[in-house]
Amino acid sequence: MRVSVIGAGLGGLCLAQGLRGAGIEAKVFERDAEITARFQGYRLMLNPVGFDALRGCLPRRWHPLLDAVVGDAHGERLILDPRLNRIGELEPGRDAIVVDRDVLRHLLLTGLTVHTGAALTGYDVLADGRVEARFAGRDPAVADLLVGADGVNSAVRSVLSPRTIPTDTGVRFVIGRTPLTEQFTGLSRAFGSKIAGDGVSLLLGAMRFRTPPREAAEALAPEVTLPDIHDYVRWAMILPPNGSLGTETPQEAALSRMPGWHPDLCALIEQSDPDNSTLLSIRVVEPGQRWTPGPVTLLGDAIHATSPTGGNGANTALRDADLLRRALTTTPTLVDAVDDYERHMFDYGAEAVRLSLGALPAYTPQNQQ
Ligand SMILES: Cc1cc2nc3c(=O)[nH]c(=O)nc-3n(C[C@H](O)[C@H](O)[C@H](O)COP(=O)(O)OP(=O)(O)OC[C@H]3O[C@@H](n4cnc5c(N)ncnc54)[C@H](O)[C@@H]3O)c2cc1C
């Protein structure tokens with residue numbers, strides 16, 4: 001069986017790794033000109049379902065490396081005022097694993113065939129049941145199964161399920177990361193904190209690697225090259241609804257909304273890494289009607305994009321990858337495997353979107369406590 005995976009995000013790469021491990025040929029096609037073409041590095045919280053799915057798709061020999069490069073999050077989730085006085089608590093976070101998305105992506109990329117600069121423009125199901133994927137500026141590719149793992153604006157979805165479209169929640173946020181120096185350890189002691197300011201919220205969470213990723217790879221799996229990054233604080237400022245940045249940089253946008261804030265908070269934004277700061281809008285995709293199962297399917301944000309405040313988008317994409325891998329390796333016919341996968345995925349995918357939208361108000365400025 002040959003599989004074309006569209007999109008080198010977490011879900012697509014995880015699936016490709018899982019299929020590679022099962023001896024199934026999977027080629028990944030990615031729109032970006034280079035794997036590192038844009039901002040990708042932020043902290044993700046993995047729950048046991050997502051983490052187990054990830055492990056299930058990775059070769060066993062990399063499990064010790066994975067365990068070494070994650071971090072641990074536990075403790076209270078505080079609400080502080082801009083002078084860092086404690087004014088409340090969010091629901092306590094369950095103990096979780098945190099991982100840097102860029103580090104995870106590099107691990108997942110190892111050993112895969114990834115064609116970059118390959119933006120899918122459409123596909124055709126051929127008379128023999130195989131699928132021909134078309135790309136801007138490169139030759140088409142034919143496979144037995146086409147998997148759209150191409151994110152919230154999925155080009156595969158626009159053909160397979162054209163009425164399933166993203167909804168803009170109106171929520172905008174700037175996100176960045178700052179090296180975790182001694183000055184900032186006090187800011188990020190807990191699981192995560194929310195600073196409730198005037199019309200904005202600033203969310204903080206530390207990424208503390210159990211072992212620095214590059215060092216861990218050199219010691220545990222020399223065939224893997226991981227980025228040379230160290231502990232950092234991830235910050236995200238949720239802005240008033242429907243805002244835009246105009247000509248401001250993400251740092252300027254955050255700082256302009258922090259007059260009178262504690263100097264450590266201002267320093268955190270000033271010292272952030274400009275290459276890893278950006279403006280994001282929160283859009284969701286709710287899986288609509290199921291289509292008739294066939295040789296084209298979707299996974300991850302392409303079919304169930306969640307709000308990041310739910311902390312479950314990556315977990316659900318990894319779950320999809322593992323479920324589809326298992327279906328394809330255990331179910332006799334391709335269509336039955338896809339049917340089985342989609343039946344479960346539609347249910348838990350819709351639930352993931354619902355949960356993430358339910359969690360959104362606790363973080364947005366108009367609902368500060
Ligand atoms: C700030 C932030 C924090 C988050 N925190 C968490 C968290 O703590 N826990 C959690 O579970 N989730 C979290 N999420 C959500 C999570 O990052 C996403 O749900 C997850 O990355 C989705 O993976 P994916 O593979 O489906 O899509 P993506 O990662 O979006 O990958 C899609 C890929 O497809 C490529 N592509 C797009 N169009 C085409 C095309 N036409 N042809 C070829 N390639 C194409 C894109 O370039 C991209 O590489 C967070 C998200 C954000 C933004």
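Starting from 1, residues in each chain are numbered consecutively following that chain's sequence as written. In view of the model being predicted, local features appear only for residues whose pLDDT reaches at least 70, and side-chain atom pairs are presented and counted only at 80 or more, with totals across whole chains, interfaces and linings using the full set of residues. Calculation of side-chain values draws on the structure's entire complement of heavy atoms; hydrogens and water are dropped beforehand.

Topic: the overall build of the protein
Secondary structure elements are taken from DSSP: a helix is a run of H or I of four residues or more, a strand is a run of E of two residues or more, and numbering for both begins at the N terminus. Per the secondary structure count, the protein includes 12 helices and 18 strands. Here the C-alpha atoms of the protein give a radius of gyration of 21 Å, agreeing with the 21 Å that 2.2 N^0.38 yields for 369 residues. With the C-alpha coordinates aligned to their principal axes, the bounding extent of the protein is approximately 65 × 45 × 35 Å. A total of 369 residues make up the protein; the buried ones form 55% of that total. Across the protein, the fraction of contacts at a sequence separation of at least 24, relative to all contacts at a separation of at least 6, is 74%. Here the Shrake-Rupley method, with its probe set to 1.4 Å, supplies the accessible areas, and only the displayed protein chains count as covering residues. Carbon together with sulfur atoms contributes 49% to the accessible area of the protein, which is approximately 15,600 Å² in total. Two things to know: the radius of gyration comes from C-alpha atoms, and the globule rule equals 2.2 Å times the number of residues to the power 0.38. Partly exposed residues are those whose accessible area sits between 20% and 50% of the maximum for their type, while under 20% is buried and over 50% is exposed, using a 1.4 Å probe and protein chains only. In this description, contact between two residues means that some pair of their heavy atoms is separated by no more than 4.5 Å.

Comments concerning the sheet that holds strand S8 (residues 113-115)
Pairing between sheet strands relies on hydrogen bonds along the backbone, with the strands arranged either parallel or antiparallel. Only strands joined by at least two bridges in the DSSP assignment are considered to pair. Taken together, the five strands give an open sheet; going across it, the order is S8-S2-S1-S12-S18, and neighbouring strands pair in parallel fashion. Two strands close off the open sheet at either side, each with one partner strand: S8 and strand S18 (296-298). Here the average twist between neighbouring strands, direction ignored, is 25 degrees. Pairing between strand S2 (residues 25-29) and S8: three bridges, direction parallel. Within S8, the position partnered with Lys 27 by the bridge is Thr 113. Here an axis means a line fitted to C-alpha atoms, over the contact stretch when the element is a helix, while the angle between two N-to-C directions is reported on a 0 to 180 degree scale. Sheet strands touched by helix H1 (residues 10-21): strand S1 (2-6), S2, S8 and strand S12 (145-148). Its angle to S2, the strand with the most contacts, is close to 160 degrees.

So, the pairing of strand S9 (residues 120-125)
Here S9 runs beside strand S10 (residues 131-135); their pairing, made up of five bridges, is antiparallel. By the bridge assignment for S10, Val 125 is matched with Val 131. Where S9 folds back onto S10 in an antiparallel hairpin, the turn is made up of five residues, including Gly 129, whose phi is positive at roughly 95 degrees.

Notes on the site of the ligand
Only a single heavy atom is needed: when it lies within 4 Å of a molecule or strand, its residue is near that molecule or strand. Surrounding the ligand, one finds 33 residues, the nearest of these being Glu 30, Met 45, Arg 101, Asp 301 and Ala 314. The contact in question runs from an oxygen atom of the ligand to an N or O atom on the backbone of Gly 11, over 2.9 Å. With respect to the ligand, the backbone of Arg 31 contributes an N or O atom lying 3.1 Å from a nitrogen atom. Considering the ligand on its own, with 1,000 Å² of exposed area, one finds that the protein chains cover 90% of that surface. Contributing elements (two or more residues each) for the shell around the ligand: H1, strand S3 (43-46), strand S13 (167-179) and helix H11 (313-330). The element best represented in the shell around the ligand is H11, accounting for three residues. For the purposes of these results, a polar contact is taken to be a pair of N or O atoms within 3.5 Å, where, inside protein, one atom must be able to donate a hydrogen and its partner to accept one; residues adjacent in sequence count only when each atom of the pair is a side-chain atom.

Things to note about the packing of H11 against helix H12 (residues 334-359)
In contact at an axis separation of 9 Å, H11 and H12 are set at 165 degrees when each is read in the N-to-C sense. In terms of their interaxial angle, H11 and H12 are classed as roughly antiparallel. Seen from above, H11 lies across H12 with right-handed handedness. Here Thr 316, Arg 319, Asp 320, Leu 323, Leu 324, Ala 327 and Leu 328 of H11 lie close against H12, whose contacting residues are Ala 337, Tyr 341, His 344, Met 345, Tyr 348, Gly 349 and Ala 352. Asp, Glu, Lys and Arg are counted as charged, while Ala, Val, Leu, Ile, Met, Phe, Trp, Tyr, Cys and Pro are counted as nonpolar; the rest, among them Gly, fall into the polar class. Of the residues that constitute the contact of H11 with H12, the class distribution is nine nonpolar, three polar and two charged. Throughout, the term roughly parallel applies to angles under 35 degrees, roughly antiparallel to angles over 145, roughly perpendicular to angles from 65 to 115, and oblique to all others. Throughout, a crossing is termed right-handed when the near helix is turned clockwise from the far one, and left-handed when it is turned anticlockwise from it by less than a right angle.

Topic: the packing of H1 against helix H4 (residues 101-109)
Relative to each other, H1 and H4 sit at 30 degrees, their axes nearing to 9 Å. Judged by the angle between their axes, H1 and H4 are roughly parallel. For H1 against H4, the interelement crossing comes out left-handed. Counting all contacts with H1, which are made through Leu 10, Leu 13, Cys 14 and Gln 17, the residues of H4 involved are Arg 101, Leu 104, Arg 105, Leu 107, Leu 108 and Leu 109. Here the residues of the contact of H1 with H4 are counted per class, giving seven nonpolar, one polar and two charged.

Concerning the packing of aromatic side chains
The criterion for an aromatic pair is that two Phe, Tyr or Trp rings (for Trp, the six-membered ring) have centres within 6.5 Å, with stacked assigned to planes under 30 degrees apart, edge-to-face to planes over 60 apart and tilted to the rest. Scanning the entire structure with this criterion turns up three aromatic pairs. Between Phe 209 and Tyr 232, the ring centres sit 6.4 Å apart and the planes meet at 65 degrees, which makes this aromatic pair edge-to-face. Of this pair, Phe 209 sits in the loop between strand S15 (201-207) and helix H7 (213-220) while Tyr 232 is found in strand S16 (residues 232-238), placing the two residues 23 residues apart along the sequence. For the ring pair Trp 291 and Phe 346, a centre distance of 5.2 Å and an interplane angle of 70 degrees mean the geometry is edge-to-face. Here the residue Trp 291 occupies a position in the loop between strand S17 (278-284) and S18, and Phe 346 occupies one in helix H12, the gap between them amounting to 55 residues. Looking at Phe 346, the relative accessible area reads 8%, which means it is buried. Put simply, a charge is over a ring when the Lys NZ or the Arg CZ is close to the ring centre, within 6 Å, and near the line of the ring normal, within 35 degrees. A cation sits over an aromatic face here: Arg 138 above Phe 135, 5.7 Å from the ring centre. Sitting over the face of the ring of Tyr 348, Arg 319 holds its NZ or CZ atom 3.7 Å from the ring centroid.

Describing the sheet that holds strand S4 (residues 71-73)
Read from one edge to the other, the open sheet built from three strands follows the order S3-S7-S4, with strand pairing classed as antiparallel. Here the strands that pair on one side only, and so sit at the sheet edges, are S3 and S4. With direction set aside, neighbouring strand axes in the sheet form an average angle of 40 degrees. As paired strands, S3 and strand S7 (residues 96-100) are joined by four bridges and run antiparallel to one another. What sits directly across from Met 45, in S7, is Val 98.

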